[in-house]
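# Residue-level structure breakdown
If you want the building blocks of each chain, they are given just below.
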Amino acid sequence: MNKLFEGRSLRFIAATMVVLNGFFPAVWILLTSLKTEGELVHKPITYLPHELVLSNYVQAFTDQPLLKYLGNSLAVAGMSTLVSLVVAAFAAYAIARLNMKYRQLVLTCIVASSMFPLVTLLVPIFETMRNLNLLNTYTALVLPYTVLSLPVCTLVLVSFFQSIPKDLENAAMIDGCTRMGALWRVVVPLAAPGVFTAGILAFVNAWDEFLLALSLNASASMRTLPVGISLYQGEFTFPWPVISAALVVAIVPIAVLIAAFQERVVGGLTQGGLKG
């Protein structure tokens, strides 16, 4: 009995540490966004704001065109996610269903392609976009974000497509569906948890990316949220409450997305490992 109690206690402590590690930074940013700069540097440190200061959020929207940055990020992340899912679905279906001679080699190459540091790809990507006259456009970010998200999206969808019985596709094709129709009408709907999981991973990857957004879209009207938030600090000033308010605005869409599709994402992360 004591060993069982100790085991449960250890699991509870480990789970609590994981939760705190994940939520504490976000909670701290939220509390910081509600403080004044004077209270932020006050000693001893105060964890809860003495008075809620909502003017930081007003200043976050007035000091920089935050809504514009938010719209740019939504457009770029949304388009790159959609393209990534479509291309990854075709690639994953081919790997999972076709009798490819070098299937394992293809999967190895997909995994290897995701291991290159982004900084090593920056110069060739920049030169390519400049030669195509795509700098300071949504396309300049959508294309590389799609390429960067394809490996993980493909691997997630391959696991799900393999877990779907081929008999369902064969039945659909006997009823008149083409192979393409069977993919989009049978396989993809049945693999919905995997599609949502891959989509959210691609969306978050594009939403948080900074280096390419800074290098490829230097125009003020095309900046995304990560680049725009970095502009709040001055040469000698760091308005942390205002920056924290902007960060909260950036976190909200991701939090809403995860909360809305939580069950599907959890199901995708667990069911995808049943077959491989």
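Residues numbered from 1 in each chain as written. Predicted model: local features only at pLDDT ≥ 70, side-chain atom pairs only at ≥ 80, totals over all residues. Heavy atoms only, no water.

Looking only at helices and strands, the chain has 14 helices and zero strands in total. Counting from the amino terminus, helix and strand elements in the chain follow one another as α-α-α-α-α-α-α-α-α-α-α-α-α-α. Counting all 276 residues of the chain, 38% fall into the buried class. Here the analysis covers contacts within the chain between residues at least 6 apart in sequence; of these, 74% occur between residues at least 24 apart. Total accessible area computed for the chain in this model is approximately 16,200 Å², and 70% of it derives from carbon and sulfur atoms. Between the mean site of the 16 positive side-chain charges and the mean site of the 13 negative ones, the chain shows a separation of 14 Å. (Helix = DSSP H or I, 4+ residues; strand = E, 2+ residues; numbered from the N terminus. Buried < 20%, exposed > 50% of the residue type's maximum accessible area, 1.4 Å probe, protein only. Contact = heavy atoms within 4.5 Å. Areas by Shrake-Rupley, 256 points an atom, 1.4 Å probe, with all protein chains shown as cover. Lys, Arg positive; Asp, Glu negative; His and termini not counted. Charge placed at Lys NZ, Arg CZ, Asp CG, Glu CD.)

Here we come to a nonpolar patch on the surface. Together, Leu 82, Val 83, Val 86, Val 87, Phe 90, Met 180 and Trp 184 make up an exposed nonpolar region whose accessible area comes to about 580 Å². Elements that contribute at least two residues to the nonpolar patch include exactly α4 (66-97) and α9 (179-190). At five residues, the largest contribution of residues to the nonpolar patch is made by α4. Within the fold, Met 180 resides in helix α9. Of the residues examined, Met 180 reaches a relative accessible area of 44% and is grouped as partly exposed. (Patch = residues over 30% accessible without salt bridge, like charges linked within 9 Å, V, L, I, M, F, W, Y side chains within 5 Å. Salt bridge = Lys/Arg side-chain N within 4 Å of Asp/Glu carboxyl O.)

In this section: the packing of helix α5 (residues 103-113) against helix α7 (residues 138-162). Interhelical geometry of α5 versus α7 gives an angle of 145 degrees and a closest axis separation of 8 Å. Contact with α5, carried on its side by Arg 103, Leu 107, Ile 110, Val 111 and Ser 113, involves Pro 151, Thr 154, Leu 155, Val 158 and Gln 162 of α7 and no other residues of that element. (Axes fitted to C-alpha atoms, helices over the stretch in contact; angles between N-to-C directions.)

This next bit is on helix α13 (residues 240-260). With 21 residues, α13 extends 30 Å from end C-alpha to end C-alpha; this agrees with the ideal 30 Å at 1.5 Å per step. The sharpest bend along α13 comes to roughly 30 degrees, located at Ile 251, with the proline Pro 253 sitting one to four residues further on. Where α13 is concerned, the buried positions are Pro 241, Val 242, Ile 243, Ser 244, Ala 245, Ala 246, Val 248, Val 249, Ala 250 and Ile 254. (Expected span 1.5 Å × (residues − 1). Bend = angle between axes of the 7 residues up to and from the residue.)

Before going further, it helps to spend a moment on the pattern of salt bridges. Following the criterion strictly, the structure yields two salt bridges and no others. For the salt bridge of Arg 97 with Glu 169, the shortest nitrogen-to-oxygen distance reads 2.4 Å. Residue Arg 97 is located in helix α4, and its partner Glu 169 is located in helix α8 (residues 166-174); the two are separated by 72 residues in the primary sequence. For the pair Arg 97 and Glu 169, one class covers both residues: buried. For Glu 127, the salt bridge goes to Arg 130, with nearest N and O atoms at 2.7 Å.

To continue, consider the packing of aromatic side chains. Counting across every chain of the model gives six aromatic pairs. Ring geometry for Phe 90 versus Trp 184: centroids 5.4 Å apart, planes at 85 degrees, classification edge-to-face. Residue Phe 90 is located in helix α4, and its partner Trp 184 is located in helix α9; the two are separated by 94 residues in the primary sequence. Its relative accessible area of 37% is what places Phe 90 among the partly exposed residues. For the ring pair Phe 238 and Trp 240, a centre distance of 5.8 Å and an interplane angle of 15 degrees mean the geometry is stacked. Residue classification places Phe 238 among the partly exposed positions, given a relative accessible area of 38%. (Phe/Tyr/Trp six-rings, centres within 6.5 Å; stacked < 30°, edge-to-face > 60°.)

Let us now look at the nonpolar core. Grouped together as the largest cluster of nonpolar side chains are 34 residues, with contacts concentrated most on Leu 66, Trp 207, Leu 225 and Tyr 232. Taken together, the elements giving at least two residues each to this core come down to α3 (55-63), α4, α6 (118-131), α7, α10 (192-208), α11 (211-216), α12 (225-229) and α13. Counting residues per element, this core draws most heavily on α13, at eight residues. With sequence-adjacent residues up to four places away left out, Trp 207 is seen in contact with Leu 70, Ser 73, Leu 74, Ala 77, Leu 225, Pro 226, Ala 250, Pro 253 and Ile 254. (Core = buried A, V, L, I, M, F, W, Y, C linked by side-chain atoms within 4.5 Å.)

Let us now look at the layout of surface pockets. What the second largest pocket holds in volume is close to 250 Å³. Ser 113, Ser 114, Phe 116, Leu 118, Leu 121, Ile 125, Leu 143, Pro 144, Val 147, Leu 148, Pro 151 and Val 152 together form the lining of the second largest pocket. At the level of secondary structure, the elements contributing two or more residues to the lining of the second largest pocket comprise α6 and α7. (1 Å grid on protein atoms, 1.4 Å probe; cavity = no way out; pocket = protein on both sides within 12 Å on 5 of 7 lines; lining within 4 Å. Points joined across faces, edges and corners; volume = space filled by probe spheres on them.)

One rule of thumb: low pLDDT means the predicted coordinates there are not for detailed reading. Here the chain averages 84 in pLDDT, while 91% of its residues score no lower than 70. Scored below 50 in pLDDT, residues 272-276 makes seven contacts in the model with residues more than four places away or belonging to other chains. (pLDDT = per-residue confidence, 0-100.)

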